[in-house]
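# Fold and geometry: a report
Residues per chain are reported as follows:
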Amino acid sequence: IRVALVPGLNPTSHGTMTTTKEQITASSPPFSAFVSSAPEQRNNAPVVLTPPSPDAVKDAAAAASWVRENRTEIDAALSDAGAVLFRGFPFASIDDFDTFVRGFDGWNDLSYDRSMSFAVRKRCSERICTTNEGKSGGLVFHHEQAQTPLWWPSKVFFCCLVPSKPGDGGATGLASSADVYQKLKARHPEFIRKCEEEGVRYTVYAGPMQDTSKGAGRSWKSFFHSETKEECEAKMRAGGWDWEWGVGPDGSDMSDEFLKCTTPVLDAVKIAPGTDKKCFFNQLIATTANALEFSKVGVDGGGFDPSTDVPTQEGVDACVQFADGTSIPLDILLDAKKMCEDIAIDVQWQKGDVALVCNYLMMHARRPWVGEAGTRQVVASLIEEPDCTSFGKPLTAL
């Protein structure tokens, strides 16, 4: 059976897409996969694809070939829905996932080694890395690396190799940043005006060693790919950063190996490439968690839950401000956080699932997980954004 990707498919009252014989017959153009129903879907997102038959895609290499044959339709689904969930494909290992990702010809890898993610990750293969290794990382909705002045990914793949046990949690939430933008514009128009006209600057606090107890615990040596303070300063100077050594988030004295640095001005709203959709593209919501983490610098684990605990306005000011130096109101960030939760779609992982997420159109968040180490394994692959700009100007590579 060959079915169309999106036309003719309608959400039920529960947000689950279904197909009927009449819909399949009417669908055009043809597409060699089932568009399946799944509890994850709401308003056709994510589009869920499964092989047309059990024997149609026998291994990862065949899956990569299938991608090449159906690439136009997959790309259209991603642009329309913001996320595609591949379910029922034969992915059981890092190598299988790597092979599948390579089937998307023309999408260049953004390796963790080259990226400027605040998260602590481990490299699994040339194109695959772990998701956030920090205990509190990823629990609040965010765009991958949107707070960095270059090398954010245009798209992110996630692959579930080991799903969590029933009752342990660990789903991945998705929230439409285009919808969040529209809701914020209606409710907080002055805030959105400043986001669009002023932009924002983020402040990072980092020691010389990785801190895996935190979601934003990457060291400055790893973040800036530098071994010495002099090399790090040269890169920050070229990229338009401001910095101080030995200063903590509350102005406290730290060792002279501890770095406080502030990004150049970055967009807080972007138009998703290839669309006309404005997106709330930033890390402002996630900064409510970073503010809690940075307030616990030097304390293993931090002793807080970023999904429920609330920082102070002063804590937020220490992590991000509008480009003119004014505060970003905490109450609006908390309202935006609630908006994400209200519209969230939770991907309940099954073994071998791969989710392809447009990093502009969708924010993502790891749901709380209480399982033992090794009982949930979700890995990632990042796709390079070839045109990293702020207010239309290219950003300087470090």
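Bear in mind the structure is a predicted one, so any value in this text is a computation, not a measurement. (Residues numbered from 1 in each chain as written. Predicted model: local features only at pLDDT ≥ 70, side-chain atom pairs only at ≥ 80, totals over all residues. Heavy atoms only, no water.)

With that out of the way, let us pick up the packing of aromatic side chains. Geometrically, a pair of aromatic rings is defined through the distance of the ring centres and the angle of the planes. Evaluated as defined, the whole model comprises 21 aromatic pairs. Centre to centre, the rings of Phe89 and Phe100 are 6.5 Å apart; their planes meet at 40 degrees, and the pair counts as tilted. With a gap of 11 residues between them, Phe89 in the loop between strand E5 (83-86) and helix H4 (94-101) and Phe100 in helix H4 connect regions that are remote in the sequence. The same class applies to Phe89 and to Phe100, which are both buried. One aromatic cluster in this structure is built from Trp66, Phe86, Phe89, Phe91, Phe97, Phe100, Phe104, Trp107 and Phe157. The cationic tip of Arg71 hangs over the ring face of Trp107; the distance from NZ or CZ to the ring centre is 4.4 Å. Above the plane of the ring of Trp107 lies Lys155, whose end atom (NZ or CZ) is 4.5 Å from the centre. (Phe/Tyr/Trp six-rings, centres within 6.5 Å; stacked < 30°, edge-to-face > 60°. Helix = DSSP H or I, 4+ residues; strand = E, 2+ residues; numbered from the N terminus. Buried < 20%, exposed > 50% of the residue type's maximum accessible area, 1.4 Å probe, protein only. Lys NZ or Arg CZ within 6 Å of the ring centre and 35° of its normal.)

With that settled, the discussion passes to the sheet that holds strand E17 (residues 362-366). What holds strands together in a sheet is hydrogen bonding between their backbones, with the strands either parallel or antiparallel. Strand order in the open sheet formed by three strands is E15-E8-E17, with antiparallel pairing between adjacent strands. Edge strands, defined here as strands with exactly one partner in the open sheet, are strand E15 (345-347) and E17. This sheet shows a mean twist of 30 degrees between the axes of neighbouring strands, independent of strand direction. As paired strands, strand E8 (residues 172-176) and E17 are joined by five bridges and run antiparallel to one another. Following the sheet pairing, Gly173 is matched in E17 by Ala365. Contacts from helix H11 (residues 330-343) reach E8, E15 and E17 within the one sheet, and its direction differs from that of E8 by about 110 degrees. (Pairing = 2+ DSSP bridges. Axes fitted to C-alpha atoms, helices over the stretch in contact; angles between N-to-C directions. Contact = heavy atoms within 4.5 Å.)

Take the sheet that holds strand E11 (residues 259-262) next. Ordered in space as E10-E11-E9-E14, the four strands form an open sheet in which the pairing is antiparallel. Sheet topology places strand E10 (242-245) and strand E14 (320-322) at the edges, where each strand pairs with a single neighbour. Looking at each pair of strands side by side, their axes are set apart by 15 degrees on average, direction ignored. Of the strand pairs in this sheet, E10 and E11 are connected by four bridges, and their pairing is antiparallel.

Let us look at the state of the cysteines. If you walk through the whole model with that rule in mind, you get zero disulfides. Summary of cysteine pairing: Cys159 is not part of a disulfide, and the nearest cysteine sulfur, belonging to Cys160, is at 7.1 Å. Accessibility expressed as a relative area gives 0% for Cys159, which makes it buried. (Disulfide = S-S within 2.5 Å.)

Residues Phe86, Phe157, Phe191, Phe280 and Leu284 are the most contacted members of the largest nonpolar core, which totals 96 residues. Broken down by element, this core gets its largest block of residues, seven residues, from H11. Apart from residues no more than four positions distant in its own chain, Phe191 is found in contact with Leu184, Phe280, Leu284, Phe322, Ile328, Ile332 and Leu333. (Core = buried A, V, L, I, M, F, W, Y, C linked by side-chain atoms within 4.5 Å.)

Relative to the assigned elements, Arg127 resides in the loop between H4 and strand E6 (129-130). The exposure class of Arg127 is buried, given its relative accessible area of 11%. Remark: the alpha-carbon pair of Arg127 and Leu382, spanning 255 residues in sequence, is separated by 7.7 Å. Setting aside residues no more than four positions away along its own chain, Arg127 makes contact with Asp98, Val101, Arg102, Trp107, Asn108, Asp109, Ala380, Ser381 and Ile383.

Counted under the stated rule, the structure contains 17 salt bridges. The salt bridge involving Asp353 is made with Arg87; its shortest N-O contact spans 2.6 Å. Residue Asp353 is located in the loop between E15 and strand E16 (354-358), and its partner Arg87 is located in the loop between E5 and H4; the two are separated by 266 residues in the primary sequence. The two residues Asp353 and Arg87 agree in class, both being buried. Across the pair Asp267 and Lys270 runs a salt bridge, and its minimum N-O distance is 2.8 Å. Each member of the salt-bridge network shares a partner with another, and the members are Asp98, Arg102 and Glu126. (Salt bridge = Lys/Arg side-chain N within 4 Å of Asp/Glu carboxyl O.)

Attention shifts here to the environment of Thr262. Inspection of the secondary structure puts Thr262 in strand E11. The class for Thr262 is buried, based on a relative accessible area of 14%. Leaving out residues up to four positions away in the same chain, Thr262 has contacts with Arg201, Tyr202, Thr203, Trp241 and Asp242. There is a polar contact of 2.9 Å between the side chain of Thr262 and the side chain of Thr203. (Polar contact = N/O pair within 3.5 Å; in protein donor to acceptor, adjacent residues only side chain to side chain.)

The N-to-C vectors of helix H5 (residues 177-187) and helix H6 (residues 189-197) enclose an angle of 120 degrees; their axes lie 5 Å apart at closest approach. One way to sum up the angle between H5 and H6 is to call them oblique. Along the contact surface, H5 presents Tyr181, Leu184, Lys185, Ala186 and Arg187, while H6 presents Pro189, Phe191, Ile192 and Glu196. In terms of residue class, the contact of H5 with H6 is built from six nonpolar, no polar and three charged. (Parallel < 35°, antiparallel > 145°, perpendicular 65-115°, else oblique. Nonpolar A, V, L, I, M, F, W, Y, C, P; charged D, E, K, R; others polar.)

A few words on the confidence of the model for the protein chain. Confidence in the prediction of the protein chain, expressed as mean pLDDT, is 83, and 80% of residues score 70 or more. Contacts for the low-pLDDT stretch residues 1-30, under 50 throughout, to residues beyond four places or in other chains number 67 contacts. (pLDDT = per-residue confidence, 0-100.)

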